[in-house]
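Observations on chain architecture
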Amino acid sequence: MSQSIVKSPVIVALDFDDIDAAKNLVSQLSPNQCRLKVGKEMFTLFGPDWVRFLIDQGFDVFLDLKFHDIPNTVAKAVSAASKLGVWMVNVHASGGPVMIAAAKEALQSSSHQTFLTAVTVLTSMDETQFKAVYQNSDIAGKVRDLALLAQEAGADGVVCSAQEATMLREYVRKDFCLVTPGIRPSGSASDDQKRIMTPSEAIKAGVDYLVIGRPITQSLSPQQSLLDINESLGLAV
Ligand code: C5P
């Protein structure tokens, strides 16, 4: 997967129900220092105009809508996302190889380069939840199988837990990208995240992109918090 000019691996998760608060946060960040993630809440509330606004400010946007539907529908949805100009879009790997391949094909025929990632197993799934869905408790095995399935079907990477990065790096190709939430700089609150890693631990484990929300968005100085994270990774941005 080729890299854009943004050196930092940080993707700031914008989880706001108030657009003014989100705009205030974004105005303190620079497109050279991070990328931005728009998820289901903000997209449902503020739609494509909000995504266009962020792109117009110069940011790479990860549209985190985790599509999971029949191949034709998902292909059209990722194609629409690419036309919007987003940098990355994602689907659920469990939607299957035909769905992923259809999404990839749609993106390849788009005039804008949009990367495709696939969610393996949601990090919110504990053993009980996992067992209820899959009737066994081999979460790591399922993450590995879904990542390989996604790679084979043409995805550029997966969204997974940083705790799975070291294991996945043994199986996936070198340029297959790993995107991970559940990142907490040392000293910050874990919030509702259970299995956390610091930014530098995650990078050492082989993660390419770090999704970080509250430690930046709820900080008294979001700009400083982002700067501190980038500095902890040896980046002077
Ligand atoms: O605030 P925090 O850093 O916990 O935000 C993490 C972001 O990553 C949120 O937008 C959350 O929805 C998202 N996410 C996650 N776990 C996943 C997939 C996405 O925390 N498995």
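Let me begin by describing the structure that accompanies this report. (Residues numbered from 1 in each chain as written. Predicted model: local features only at pLDDT ≥ 70, side-chain atom pairs only at ≥ 80, totals over all residues. Heavy atoms only, no water.)

**A closer look at the overall build of the chain**
In terms of helices and strands, the chain carries 10 helices and 8 strands. Since a compact globule built from 237 residues should have a radius of gyration of about 18 Å, the 17 Å found for the chain is in line with a globular shape. A principal-axis box enclosing the C-alpha atoms of the chain has dimensions of 45 × 40 × 30 Å. Taken across its 237 residues, the chain has 50% of its residues classed as buried. Within the chain, contacts between residues separated by at least 24 positions form 68% of all contacts whose residues are at least 6 apart in sequence. Within the structure as shown, the chain displays about 11100 Å² of accessible surface, and the carbon and sulfur contribution to it stands at 50%. (Helix = DSSP H or I, 4+ residues; strand = E, 2+ residues; numbered from the N terminus. Rg over C-alpha atoms; globule rule 2.2 N^0.38 Å. Buried < 20%, exposed > 50% of the residue type's maximum accessible area, 1.4 Å probe, protein only. Contact = heavy atoms within 4.5 Å. Areas by Shrake-Rupley, 256 points an atom, 1.4 Å probe, with all protein chains shown as cover.)

**Remarks on the site of the ligand**
The environment of the ligand is formed by 13 residues, the closest being Asp15, Thr123, Arg184, Gly213 and Arg214. Taking Arg214, its main chain carries an N or O atom lying 2.7 Å from an oxygen atom of the ligand. The fraction of the free accessible surface of the ligand (460 Å²) that becomes covered by protein chains is 82%. (Near = heavy atom within 4 Å. Polar contact = N/O pair within 3.5 Å; in protein donor to acceptor, adjacent residues only side chain to side chain.)

**Considering the nonpolar core**
Residues Leu14, Leu36, Val78, Val91, Ile100 and Val158 are the most contacted members of the largest nonpolar core, which totals 64 residues. Setting aside its immediate chain neighbours within four residues, Val78 contacts Phe67, Val89, Val91, Ala103, Ala106 and Leu107. Counting residues in hydrophobic clusters, the runner-up holds 12 residues, among them Phe62, Met88, Val159 and Val211. (Core = buried A, V, L, I, M, F, W, Y, C linked by side-chain atoms within 4.5 Å.)

**Here we look at the pattern of salt bridges**
In a structure, side chains of opposite charge can pair up when their charged atoms sit close to one another. Summed over all chains, the structure comprises 11 salt bridges. Residue Arg184 pairs with Asp191 through a salt bridge whose shortest N-O separation is 2.9 Å. Put simply, Asp192 and Arg214 hold a salt bridge, and the shortest N to O gap is 2.5 Å. Residue Asp192 is located in the loop between β7 (177-180) and α8 (199-204), and its partner Arg214 is located in helix α9 (residues 214-217); the two are separated by 22 residues in the primary sequence. Here the residues in one salt-bridge network are Arg184, Asp191, Asp192 and Arg214, joined through shared partners. (Salt bridge = Lys/Arg side-chain N within 4 Å of Asp/Glu carboxyl O.)

**Some thoughts on helix α10 (residues 222-232)**
Along α10, the positions that sit buried rather than exposed are Pro222, Ser225, Leu226, Ile229 and Asn230. Seen along its axis, α10 keeps its buried residues to an arc of 135°; they face one direction. Contacts made by the buried residues of α10 are with β1 (10-14), α1 (19-26), α8, β8 (209-212) and α9. Phi for Gly234, located one or two positions after α10, is positive at around 80°. (Arc of directions from axis to C-beta.)

**Notes on the sheet that holds β7**
With parallel pairing, the 8 strands of this closed barrel are ordered in space as β1-β2-β3-β4-β5-β6-β7-β8. Along the sheet, successive strands turn relative to each other by an average axial angle of 25°, direction set aside. In the sheet, strand β2 (residues 35-38) pairs with strand β3 (residues 61-67) via 3 bridges, with the strands oriented parallel. Looking at the pairing, Lys37 lines up with Phe62 of β3. (Pairing = 2+ DSSP bridges. Axes fitted to C-alpha atoms, helices over the stretch in contact; angles between N-to-C directions.)

**Regarding the side chain of Thr120**
Assignment of secondary structure puts Thr120 in the loop between β5 (115-119) and α5 (127-134). The buried category is assigned to Thr120, whose relative accessible area is 4%. If we skip the residues at most four places from it in the chain, Thr120 touches Val143, Leu146, Ala147, Val158, Val159 and Cys160.

**Details of the packing of helix α4 (residues 97-108) against helix α6 (residues 139-153)**
Their axes nearest at 8 Å, the elements α4 and α6 cross at an angle of 40°. When the axis of α4 is compared with that of α6, the two are oblique. Where α4 crosses over α6, the two elements pack in a sense that is right-handed. For the pair α4 and α6, the contacting residues are Pro97, Ile100, Ala101 and Lys104 in the first and Leu149, Ala150 and Ala153 in the second. Counted by class, the contact of α4 with α6 contains 6 nonpolar, no polar and 1 charged residues. (Parallel < 35°, antiparallel > 145°, perpendicular 65-115°, else oblique. Left-handed = near helix turned anticlockwise from the far one by under 90°. Nonpolar A, V, L, I, M, F, W, Y, C, P; charged D, E, K, R; others polar.)

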